[in-house]
Amino acid sequence: MKEHKTSSGEQTQALGADFAAGLSPGAVVCMHGPLGAGKTTFIQGVASFLGIQEAVTSPTFTIASAYEGSLPLYHIDVYRIDSVEEFELLGLEEYIYGKGLTFIEWSEKVEEALPSRLIHITIGINDDGTRTIVIGEPEEEP
Ligand SMILES: Nc1ncnc2c1ncn2[C@@H]1O[C@H](COP(=O)(O)OP(=O)(O)OP(=O)(O)O)[C@@H](O)[C@H]1O
Ligand SMILES: [Mg+2]
């Protein structure tokens, strides 16, 4: 478990790019943290590491997006999903069990439907607006 602090969106993106450099194909990463914490921002850094030119955003009604880079990037945001059944009906196995990198925002809603090997990243907003970004498993408290 590693803890980082960032003071701007650019720094959060840079951390995402550094993190992506250490990932193996097929990695599934769960992004935790409140609304506006910087989950999508972190994933934008991953996209830049993969050489993806297209902008990574979170359109309100889009649950999953695929981007072609040096590895495929799958960005899944289940904020609007209400049940594990609803998630399973989306048929995202090709993404999640594929050779790309998969990042899932609000994954705690559907964790039962995810593979057992997950990397967890938790972003917290500090009182001064900086972000504390913990890479590891949130359930493993020291
Ligand atoms: N360390 C930081 N300090 C200040 N602002 C930051 C920092 N990191 C990210 N931000 C800003 O916070 C905002 C985070 O928005 P973002 O869409 O990434 O959040 P999110 O966690 O994906 O939210 P949602 O749950 O709504 O999808 C962006 O405007 C980003 O620039
Ligand atoms: Mg987001």
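Check the entry above for the structure.
My aim in this report is to walk through the structure given alongside it, one point at a time. (Residues numbered from 1 in each chain as written. Chains lettered and ligands numbered in written order. Predicted model: local features only at pLDDT ≥ 70, side-chain atom pairs only at ≥ 80, totals over all residues. Heavy atoms only, no water.)

Details of the site of ligand 1
With respect to spatial proximity, 18 residues lie near ligand 1, and among them Thr 6, Thr 12, Lys 39, Thr 40 and Thr 41 are the closest. One nitrogen or oxygen atom from the side chain of Thr 12 is found 2.7 Å from a nitrogen atom belonging to ligand 1. Thr 41 has a polar side-chain atom sitting 2.5 Å from an oxygen atom of ligand 1. Computed on the free molecule, ligand 1 has an accessible area of 650 Å², of which 70% lies beneath the protein chains in the complex. Every element with two or more residues in the shell around ligand 1 is listed here: helix H1 (9–21) and helix H2 (39–49). In terms of residue count, H2 provides more of the shell around ligand 1 than any other element does, three residues in total. The class makeup of the residues in the shell around ligand 1 is four nonpolar, 10 polar and four charged. (Near = heavy atom within 4 Å. Polar contact = N/O pair within 3.5 Å; in protein donor to acceptor, adjacent residues only side chain to side chain. Areas by Shrake-Rupley, 256 points an atom, 1.4 Å probe, with all protein chains shown as cover. Helix = DSSP H or I, 4+ residues; strand = E, 2+ residues; numbered from the N terminus. Nonpolar A, V, L, I, M, F, W, Y, C, P; charged D, E, K, R; others polar.)

What about the coordination of the magnesium ion (ligand 2)?
Summarising the metal site, the magnesium ion (ligand 2) is bound by the protein donors Thr 40 (OG1) and Glu 105 (OE), whose distances to it range over 2.1 to 2.3 Å. Residue Thr 40 is located in helix H2, and its partner Glu 105 is located in strand S5 (residues 101–105); the two are separated by 65 residues in the primary sequence. Each member of the pair, Thr 40 as well as Glu 105, carries the same accessibility label: buried. (Donors = N, O, S within 2.8 Å, 3.2 Å for Na, K, Ca; no water. Buried < 20%, exposed > 50% of the residue type's maximum accessible area, 1.4 Å probe, protein only.)

Describing unusual backbone geometry
The phi torsion at Trp 106 lies on the positive side, around 65°, for a residue other than glycine. Positionally, Trp 106 belongs in the loop between S5 and strand S6 (119–125). The class of Trp 106 is buried, set by a relative accessible area of 17%.

Side note on the pairing of S6
Direction of pairing for strand S2 (residues 28–32) relative to S6: parallel, over a ladder of four bridges. Residue Met 31 lies in a different strand from S6, and its bridge partner there is Ile 121. Here S6 pairs with strand S7 (residues 131–136) via six bridges, running antiparallel. When the bridges of S7 are listed, His 120 appears paired with Gly 136. Taking the residues between adjacent antiparallel strands as the criterion, S6 and S7 are bridged by five residues, where Gly 129 takes a positive phi near 90°. (Pairing = 2+ DSSP bridges.)

Things to note about the nonpolar core
Membership of the largest hydrophobic core comes to 23 residues, with the highest contact counts inside it found for Phe 42, Leu 73, Phe 103 and Ile 121. Among the elements that line this core, the one with the most residues is H2, at four residues. Of all hydrophobic cores here, the second largest spans 15 residues; its members include Val 78, Val 84, Ile 96 and Leu 114. (Core = buried A, V, L, I, M, F, W, Y, C linked by side-chain atoms within 4.5 Å.)

Description of the packing of aromatic side chains
Under the counting rule described, the total for this entry stands at four aromatic pairs. With a centroid separation of 5.6 Å and 50° between ring planes, the pair formed by Phe 19 and Phe 42 is classed as tilted. Of the two residues, Phe 19 is situated in helix H1 and Phe 42 in helix H2; the sequence distance between them amounts to 23 residues. As far as burial versus exposure is concerned, Phe 19 and Phe 42 are alike and both buried. Ring geometry for Tyr 74 versus Tyr 95: centroids 4.2 Å apart, planes at 10°, classification stacked. Here Tyr 74 is found in strand S4 (residues 73–77), whereas its partner Tyr 95 is found in helix H4 (residues 93–96), with 21 residues between them in sequence. Of the aromatic side chains, those joined through ring pairs into one cluster are Phe 19, Phe 42 and Phe 103. (Phe/Tyr/Trp six-rings, centres within 6.5 Å; stacked < 30°, edge-to-face > 60°.)

From the geometry alone we can't say anything about function, so treat these as descriptive.
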